[in-house]
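Here's the letter readout for the chains.
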Amino acid sequence: MAQNPNRPLSPHLGIYQKGAHMMASITHRITGFVIATVGMLTLLWWIASIAGGAESYASFQTWTIDAGKEATGWQTASNWFFRFVAVGVLWSFFQHFFSGIRHLLMDLGAGYELKTNRTWAIATYIASITATGLVLLYVANRMMGA
Amino acid sequence: MGNGTEIGRVRGLGSAKHGSKHWIDQRLTALGNLLLTAWLVISLLMLPNFQHETVAAWMAQPSVAVPLILMLVSIFWHVKLGLQVFIEDYFHDEGNKLAMLTLLNFYVIGAAAFGIFMVAKHAFAGVPA
């Protein structure tokens, strides 16, 4: 079908004023994609390595956490990669988690007043950063204690 | 090319009354994910350490294996619904869209089956000697 290139188009992202609520929506998509792919594949690897026995679990730890003193270049690179993955996936999980609660509440019809909506959007970020920080501190504390 | 028949013009283009089921399933699985992932995080943080012996004994318990399997079902179902919308929004070419949706379905069903099998095998058969 021939289309008139000057036809009126419905308003799109570009015309809206940017704000916390817009940010929360975009982040919900991006974090969802991250946990659905990298996050879930790593979780499945961990589960499979537990089921595979002590040796396969050790191999999982070597590649993801700490390859020790005899680490090859690939293993050291992999360890650093998974450190970023751990922080990224952890924050993505919490952000998607809290943002998801916000979406469920909005599905009930609540929180559409401009100020409330903005406050809840900002709250999802505060909650996710706090939760990520707490888990990281807890894990770090344990690792140093061990 | 003509405009085709009435049915030919609308086929594959939009609502076939499955839209609301997609929407409701996304919310139901979201609720399931909320409960089950919260359980997983708390359950993991309560472990004394993350050595193989500890996590292997943890995952072999029915009270862990069952929610873990339910979590995998709920999550991958949610992933299917969520990434489907993602693909529908960003892949405008019908051929590419179909290819990506096929890939997505292979991914979620394959990954879920693999995870469920691993948890079940571990709970039924224990750790290999």
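Structure's up top.
Conventions used here
- Along each chain, the written sequence defines residue order, and numbers are assigned to residues from 1.
- Each chain gets a letter, beginning with A, and each ligand a number, beginning with 1, in the order they are written.
- Only residues with pLDDT of at least 70 are given local features in this predicted model, and only at 80 or more are side-chain atom pairs given and counted; all residues enter the totals for whole chains, interfaces and linings.
- Computation of side-chain values: all heavy atoms of the structure, hydrogens and water removed.
- Helix and strand assignments come from DSSP, with helices taken as H or I runs of at least 4 residues and strands as E runs of at least 2, each series counted from the N terminus.
- When we talk radius of gyration, it's over C-alpha atoms, and the globule rule is simply 2.2 Å times the number of residues to the 0.38.
- Residue burial is assigned from relative accessible area. The probe radius is 1.4 Å, only protein chains are included, and a residue is buried under 20% of its type maximum, exposed over 50%, and partly exposed in between.
- Contacts between residues were defined by any pair of non-hydrogen atoms, one from each residue, lying within 4.5 Å.
- Buried area: the sum, over both parts, of the accessible surface (1.4 Å probe) that disappears when the two are put together.
- The working definition used for a salt bridge is a side-chain nitrogen of Lys or Arg within 4 Å of a carboxyl oxygen of Asp or Glu.
- Polar contacts, as counted here, are pairs of nitrogen or oxygen atoms within 3.5 Å of one another; within protein the pair requires one atom able to donate a hydrogen and one able to accept it, and residues that are adjacent in sequence qualify only if both atoms are side-chain atoms.
- Side-chain rings of Phe, Tyr and Trp (the six-membered ring for Trp) are treated as a pair once their centres are within 6.5 Å; stacked means planes under 30 degrees apart, edge-to-face means over 60, and tilted covers the remaining angles.
- Here an axis means a line fitted to C-alpha atoms, over the contact stretch when the element is a helix, while the angle between two N-to-C directions is reported on a 0 to 180 degree scale.
- Angles below 35 degrees are treated as roughly parallel, those above 145 as roughly antiparallel, those between 65 and 115 as roughly perpendicular, and all remaining angles as oblique.
- All amino acids are sorted into three groups, where Ala, Val, Leu, Ile, Met, Phe, Trp, Tyr, Cys and Pro are nonpolar, Asp, Glu, Lys and Arg are charged, and the leftover types, Gly among them, are polar.

Q: Any chance you could explain the overall build of chain B here in plain terms?
A: Looking only at helices and strands, chain B features five helices and zero strands. Going from the N terminus to the C terminus, chain B shows its helices and strands as α-α-α-α-α. Here chain B has a C-alpha radius of gyration of 20 Å; the compact-globule value for 129 residues is 14 Å, and the former is much larger. Principal-axis analysis of the C-alpha atoms gives chain B an extent of 70 × 30 × 25 Å. Within chain B, buried positions represent 36% of all 129 residues. Across chain B, every contact between residues at least 6 apart in sequence was considered, and the portion connecting residues at least 24 apart equals 72%.

Q: What's the story with the interface of chain A and chain B in this structure? I'm lost.
A: Quite often, the size of an interface is put as the accessible area lost when its parts meet. Listed as interface residues are 28 residues of chain A and, on the opposing side, 43 residues of chain B. Counting each side, the surface lost to burial between chain A and chain B is near 2800 Å², with a carbon and sulfur contribution of 75%. Our enumeration of links across chain A and chain B arrives at two salt bridges. The partner of Arg29(A) in a salt bridge is Asp89(B), with the nearest N and O atoms 2.7 Å apart. For the side of chain A that touches chain B, the secondary-structure elements that each account for two or more residues are α1 (20-51), α2 (54-64), α3 (73-107) and α4 (114-145) of chain A.

Q: It is not clear to me how the side chain of Thr64(A) should be interpreted in this structure. Could you clarify?
A: Position of Thr64(A) relative to the elements: it lies in helix α2. At 2.7 Å, the side chain of Thr64(A) forms a polar contact with the backbone oxygen of Phe60(A).

Q: Which parts of the structure should I look at to understand the packing of aromatic side chains?
A: Centre distance and the angle of the planes are the two values used to describe a pair of aromatic rings. All names here are of chain A. The final tally for this structure, using the stated rule, is twelve aromatic pairs over all chains. Aromatic side chains Phe94 and Phe98 sit 6.4 Å apart centroid to centroid with 20° between the ring planes, which places their arrangement in the stacked category. Taken as a pair, Phe94 and Phe98 lie in helix α3 at a separation of four residues, close to a single helical turn. Taking the relative accessible area as the measure of exposure, Phe94 reaches 9% and is therefore buried.

Q: What is the right way to look at the packing of α1(A) against helix α3 (residues 52-60) of chain B in this model?
A: Close contact between α1(A) and α3(B) brings their axes to 9 Å; oriented N to C, the two are set at 95°. In terms of axis orientation, α1(A) runs roughly perpendicular to α3(B). In contact with Trp46(A), Ile47(A), Ser49(A), Ile50(A) and Ala51(A) of α1(A), α3(B) contributes His52(B), Val55(B), Ala56(B), Trp58(B) and Met59(B). Of the residues belonging to the contact of α1(A) with α3(B), the class tally is eight nonpolar, two polar and no charged.

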